[in-house]
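So you can see what is in the structure, the chains are spelled out below.
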Amino acid sequence: RFLFFSLRVCKRWKTLILDKSLWRCVDLTPFKLNSKIFWHLVRHWFGSSLQTLKVKGLLNSVNNQEFLTPAVLQVFEKRFPNLEHLHLQETNLRFLSYDCLPSTLKTLELSECEIPLAWFTPSTTNTKALPKLDTLIVNRVPSFSSRHLKSICSQCDLKTLRLFGTYRVNDTGFQNAVPHLKGLEHFKLEWCKITNITLHLIGCHLKRLRTLAIIEVNNLTDEGLACLSGLKALERLWLEGCFSFSPTCIVSVCAGLPVLNYLHLDGAYYRDQIEDIQKGLPHCTVSST
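Please read all numbers here as calculations on a predicted model, not as lab measurements.

Topic: the pairing of strand β1 (residues 25–32)
- Taken together, the four bridges between β1 and strand β2 (residues 52–56) define a ladder with parallel strand orientation. Bridging across to β2, V26 finds its partner in L53.
- At this point the chain moves from β1, through helix α3 (residues 35–44), to the parallel β2, and the crossover so formed is right-handed.

Notes on unusual backbone geometry
- Located in the positive-phi region is F120, a residue other than glycine, with phi close to 75 degrees.
- Here F120 lies in the loop between β4 (107–111) and β5 (135–139).
- Of the residues examined, F120 reaches a relative accessible area of 0% and is grouped as buried.
- With a phi close to 55 degrees, R140 is a non-glycine residue in the positive phi region.
- Relative to the helices and strands, R140 resides in the loop between β5 and α5 (146–155).

Observations concerning the environment of G165
- Residue placement: G165 occurs in the loop between β6 (160–164) and α6 (171–177).
- Of the residues examined, G165 reaches a relative accessible area of 18% and is grouped as buried.
- Remark: the alpha-carbon pair of G165 and V138, spanning 27 residues in sequence, is separated by 8.4 Å.
- Leave out the neighbours within four places in its chain, and G165 touches E190, W191 and C192.

Considering the side chain of N196
- Here N196 is to be found in helix α7 (residues 196–205).
- For N196, the side chain forms a polar contact with the side chain of T221, separated by 2.7 Å.
- Setting aside residues up to four positions removed in sequence, N196 forms contacts with N219, L220, T221, E223 and G224.

A few points about α5
- Among the 10 residues of α5, seven are classified as buried, and the element is accordingly described as predominantly covered.
- Considered for burial, the residues of α5 that qualify are S146, H148, L149, S151, I152, C153 and Q155.
- Summarising the contacts, the buried residues of α5 are in contact with β5, β6 and α6.

Cut-offs applied
Residues numbered from 1 in each chain as written. Predicted model: local features only at pLDDT ≥ 70, side-chain atom pairs only at ≥ 80, totals over all residues. Heavy atoms only, no water. Pairing = 2+ DSSP bridges. Helix = DSSP H or I, 4+ residues; strand = E, 2+ residues; numbered from the N terminus. Right-handed = clockwise from strand over helix to strand, strands pointing away. Buried < 20%, exposed > 50% of the residue type's maximum accessible area, 1.4 Å probe, protein only. Contact = heavy atoms within 4.5 Å. Polar contact = N/O pair within 3.5 Å; in protein donor to acceptor, adjacent residues only side chain to side chain.

Laid out in structure tokens, this is it:
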């Protein structure tokens, strides 16, 4: 509908809309697409300049026929050599092989999708399905498990990993994955079921971390927070909804991180201690919500 009215505004708008080189970042998540409409967009509107594509499937719709098929993804591989960022939302991937994803991808974001048990496992041995992938974002994907985490981490040199609501990933899952994450620079854990064991693993193995966010994670204590003192490259740290960390431990750990310049805390809990924490960290900006 937007395209239809845009083409009728003026000749200049029509020229711009029809210029495929301008279609670099396309966000279609406000719309639920069927296969017919999506095929039309792929064939007639998207060009080789496409870099980012965000789409929403029909997982939560009465019509559960998905628009994303192996045939469509084969077209992606051939026609969109610059596609680097793919965001899939509410998409059923249970009948779609991981190998079908475009090999050009650097960022893969899955939000409220369904994936099969063996996804992220290439069909051919010793083959990397996504050789350029360095960023993985998993947001409320119920079936994402420790097995998935280990599989994708062992294949890709991830620099950014964000996990939200991945309740099937536990301490054992991180234990199997962290040996493959030594190049990780940005790590975010939100609403995940982990304990101090995972913080110990992070402190021991992820020495290149520059940013770390731990949000709404229960069962963490000062003992686990102290394990982060080995992250000497850490520049920014978020601690929200982790109500077992004492202000004394926070200051002690952060003071030992030589390049830490930003600390974000949950203001609802540390409201009365923010000023004291800031005094203990004169070279670090302390903020709160």
